[in-house]
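So the chains spell out like this:
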Amino acid sequence: MSNEHQKGERIAKALARAGVGSRRDVERMIEEGRIWLDGKKLETPAVLVNSLKGITVDGEEIGIVSDTKLWRLHKRRGTLTTHKDPEGRRTVFDQLAKHIGRVIAVGRLDMNTEGLLLLTNDGELARYLELPSNELIRRYRVRVHGRVDEDALKALSDGVTIDGTHYGAIDAKLERVQGTNAWLTVAIREGKNREVRRVMEHLGLVVNRLIRTHYGPFSLGSLNDGAVAQVPEKQLYEVLDGFFKDSTQSIAAPEKKRDPSKWAKAKPKTKVKLGAKRKFRKRDEDGDTKPDTRRSAKTGAVNSRESTRRQAQSEKARDGKPASRRRSATTEGAGARSGTRAGARPGAKPAGRPTTRAPKRDRDR
């Protein structure tokens, strides 16, 4: 352990790693008198600690800190990204299961914005994902009201300054037009407060729906409205490899040895050759090939092509004649027995017994 950690760690950083909130959140909580140490209310965040023992937040102990975890949440429209609202409105944390524990949001989405929101129990990870210098791309689908100027959208790639605030490069494209509304796809890299809405208003467009679909390497995918899903450990450590390599040790985040060999691995893809499903040939004990007698899973019948071929072979073995020639001979024999003359006109009545009965008077004679 370094000399810095031997002397202690700033309490704001330790509580951030423990998932209490971001460093700024912890500093604000100290100003509000919500954090105590060894029975005394903290007055300043410039306090060094060597463990989390004795620290309480809102009267509750921190408890055991778990490994770094990340969740994807499909935020509903009309919910706030805050732990407590003075007006009693719904928040994104009201719907979370208790087993998830204390988590903080990565960035914020305003009340009327929906879509992907990341949650984590590690404040340092949240800070890493939010830093503009890391340039993690946030992607949105935006429905706007008004006439869309595609040239103005292209000009956003050079950035734009609005009321003294400069916004970096923005990728915006027109997706489709629906009457007086239009759908756009927008990608930003800084994530400043209400950035997408302010830029659209600057272009004379009114945003009436805003959905975040991606945050860096993580996507909303098929996550249902209001649903929560944890990011698998394997994916987390692969896509955020830089964070876990460069992050400093903390009293709230002890080093843990991980065994990647236990992580789930994707099944290898097998290539199926064209027509492979039609090869129903097996070998018997003598090495000779024989037809497959497997039945259809749907109808329960043996493959029709194989059935016809087996019938023809059995008939040929019985009389030594090909099945087609035997069928022809059989047909001719049937025609002779029925009195059909060779070369007779098609449709002519066969010779033999008349089909009409004789008049009654002739029979009486």
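Heads up: the structure comes first, above all this text.
Starting from 1, residues in each chain are numbered consecutively following that chain's sequence as written. Thresholds applied to this predicted model are a pLDDT of at least 70 for local features of residues and 80 or more for the giving and counting of side-chain atom pairs; totals over whole chains, interfaces and linings are not thresholded and use all residues. Just so you know, side-chain values use all the structure's heavy atoms and leave hydrogens and water out.

Asker: Describe the overall build of the protein chain, naming the residues involved and giving the relevant values.
Answerer: Helix and strand counts for the protein chain come out as 11 helices and 19 strands. When accessible area is computed with a 1.4 Å probe and restricted to protein chains, residues below 20% of their type maximum are described as buried, those above 50% as exposed, and intermediate ones as partly exposed. Burial statistics for the protein chain: of 365 residues in total, 32% are counted as buried. Pairs at least 24 residues apart make up 61% of the contacts formed inside the protein chain by residues separated by at least 6 positions. Note on areas: these come from Shrake-Rupley sampling with a 1.4 Å probe, and a residue is covered only by the protein chains present in the view. For the protein chain, the exposed area adds up to about 24,700 Å²; of that, 48% sits on carbon and sulfur atoms. By the criteria applied, helices consist of DSSP H or I runs no shorter than four residues and strands consist of E runs no shorter than two, each listed in order from the N terminus. The criterion used for residue contact is that any of the two residues' heavy atoms lie within 4.5 Å.

Asker: Hey, could you go over the environment of Arg-198 for me, with residue numbers and the actual values?
Answerer: With respect to the element layout, Arg-198 can be found in helix H6 (residues 195-202). In this structure Arg-198 comes out as partly exposed when scored by relative accessible area, which is 27%. Taking the C-alpha atoms as reference, Arg-198 lies 8.1 Å from Ile-162; in sequence the two are 36 residues apart. Engagement of the side chain of Arg-198 in a polar contact is seen with the side chain of Asp-163, the distance being 3.5 Å. Any N or O atom pair separated by 3.5 Å or less is treated as a polar contact, with the protein-specific requirement of one donor-capable and one acceptor-capable atom, and with residues adjacent in sequence counted only for side-chain atom pairs. Among the polar contacts made by the side chain of Arg-198, one reaches the side chain of Tyr-167 at a distance of 3.0 Å.

Asker: Summarise helix H3 (residues 23-31); cite the residues concerned and give the values.
Answerer: All of the buried residues in H3 are Val-26, Met-29 and Ile-30. Relative to the axis of H3, the buried residues are bounded by an arc of 100 degrees and lie together on one face. Counted as exposed and oriented over 90 degrees from the buried face of H3: Arg-24 and Glu-31. Elements that come into contact with the buried residues of H3 comprise helix H2 (11-17), strand S2 (35-37) and strand S5 (55-57). Looking one or two residues beyond H3, the residue adopting positive phi is Gly-33, at roughly 75 degrees. The directions considered for the arc are those from the helix axis to the C-beta atoms.

Asker: Tell me what's going on with the nonpolar core, and back it up with residues and numbers.
Answerer: Core analysis: the biggest nonpolar cluster contains 32 residues, and Leu-119, Val-142, Val-144, Leu-184, Val-186 and Met-200 have the highest contact counts within it. Broken down by secondary-structure element, the contributors of at least two residues to this core are strand S7 (70-75), strand S9 (113-120), strand S10 (138-145), strand S11 (160-162), strand S14 (181-188), H6 and strand S15 (206-215). The dominant element in this core, judged by the number of residues it contributes, is S14, at 4 residues. When near neighbours in sequence (up to four residues on either side) are disregarded, Val-142 contacts Ala-182, Trp-183, Leu-184, Val-186, Val-196, Val-207, Arg-209 and Leu-210. Working definition of a nonpolar core: buried Ala, Val, Leu, Ile, Met, Phe, Trp, Tyr and Cys residues. They are joined through side-chain atoms within 4.5 Å.

Asker: Now, about helix H4 (residues 123-130): what can you tell me, with residues and values included?
Answerer: All buried positions along H4 are accounted for by Gly-123, Glu-124, Leu-125, Ala-126 and Leu-129. Structurally, the start of H4 carries an N-cap: the backbone nitrogen of Glu-124 is 2.9 Å from a side-chain oxygen of Asp-122.

Asker: Lay out the pairing of strand S13 (residues 171-178) with the relevant residues and their values.
Answerer: Alignment of S13 against S14, held across 7 bridges, turns out to be antiparallel. In the sheet register, Val-177 faces S14, and the bridge partner there is Ala-182. Between S13 and S14, which pair antiparallel one after the other, the connecting turn spans 2 residues, and Gly-179 there sits at a positive phi close to 65 degrees. Should DSSP find at least two bridges between two strands, the strands are regarded as paired.

Asker: Let's hear about the environment of Ala-227: which residues, and what values?
Answerer: Topologically, Ala-227 is positioned in the loop between strand S16 (218-219) and strand S17 (228-230). For Ala-227, a relative accessible area of 23% gives the class partly exposed. Setting aside its immediate chain neighbours within four residues, Ala-227 contacts Arg-72, Leu-73 and His-74.

Asker: If you had to explain the sheet that holds S2 to someone new, which residues and values would you point to?
Answerer: Strand order in the open sheet formed by 4 strands is S3-S2-S5-S6, with antiparallel pairing between adjacent strands. Each edge of the open sheet is held by one strand with a lone partner, namely strand S3 (40-41) and strand S6 (60-61). Pairing of S5 with S6 involves 2 bridges; the strand directions are antiparallel. Residue pairing across strands places Thr-56 opposite Glu-61, the latter belonging to S6.

Asker: Describe the pairing of S7, naming the residues involved and giving the relevant values.
Answerer: Summarising burial for S7: 5 of the 6 residues are buried, a large majority. Here S7 pairs with S9 via 6 bridges, running antiparallel. Looking at the pairing, Leu-70 lines up with Thr-120 of S9. In this sheet, S17 lies alongside S7 in antiparallel orientation, the contact comprising 3 bridges. Within the sheet, the bridge partner assigned to Leu-73 lies in S17 and is Val-228.

Asker: How would you summarise the pattern of salt bridges if you had to cite specific residues and measurements?
Answerer: Only one rule defines a salt bridge in this text: a Lys or Arg side-chain nitrogen within 4 Å of an Asp or Glu carboxyl oxygen. Counting across every chain of the model gives 17 salt bridges. The salt bridge involving Glu-124 is made with Arg-23; its shortest N-O contact spans 2.9 Å. Of this pair, Glu-124 sits in helix H4 while Arg-23 sits in helix H3, and the two are 101 residues apart along the sequence. Overall, Arg-23 belongs to the partly exposed group, its relative accessible area being 26%. Ionic pairing is found between Asp-171 and Arg-189, a salt bridge with its closest N-O pair at 3.4 Å. Here the residue Asp-171 occupies a position in strand S13, and Arg-189 occupies one in the loop between S14 and H6, the gap between them amounting to 18 residues. Residue Arg-189 is classed as partly exposed on the basis of its relative accessible area, which comes to 25%.

Asker: How would you summarise the packing of aromatic side chains if you had to cite specific residues and measurements?
Answerer: Pairing of aromatic rings covers Phe, Tyr and Trp, the last counted by its six-membered ring, and requires centre-to-centre distances within 6.5 Å; plane angles under 30 degrees mean stacked, over 60 mean edge-to-face, and any other angle means tilted. One pass over the full model with this rule turns up 3 aromatic pairs. With 5.3 Å between their ring centres and 50 degrees between their planes, Tyr-128 and Phe-243 make a pair best called tilted. With Tyr-128 in helix H4 and Phe-243 in helix H8 (residues 241-246), this pair connects stretches of sequence that are 115 residues apart. Classification of Phe-243 as buried rests on a relative accessible area of 5%. Measuring from centroid to centroid gives 4.0 Å for Tyr-237 and Phe-244, while their planes differ by 25 degrees, and the two rings are stacked. Taking relative accessible area as the criterion, Tyr-237 reaches 11% and is therefore assigned buried. By way of ring pairs, the aromatic residues Tyr-128, Tyr-237, Phe-243 and Phe-244 are connected into one cluster. Counting as a charge over the ring demands two things of the Lys NZ or Arg CZ atom: a distance within 6 Å of the ring centre and an angle within 35 degrees of the ring normal. The ring of Trp-183 has Arg-141 lying over it, and the distance from NZ or CZ to the ring centre is 4.3 Å.

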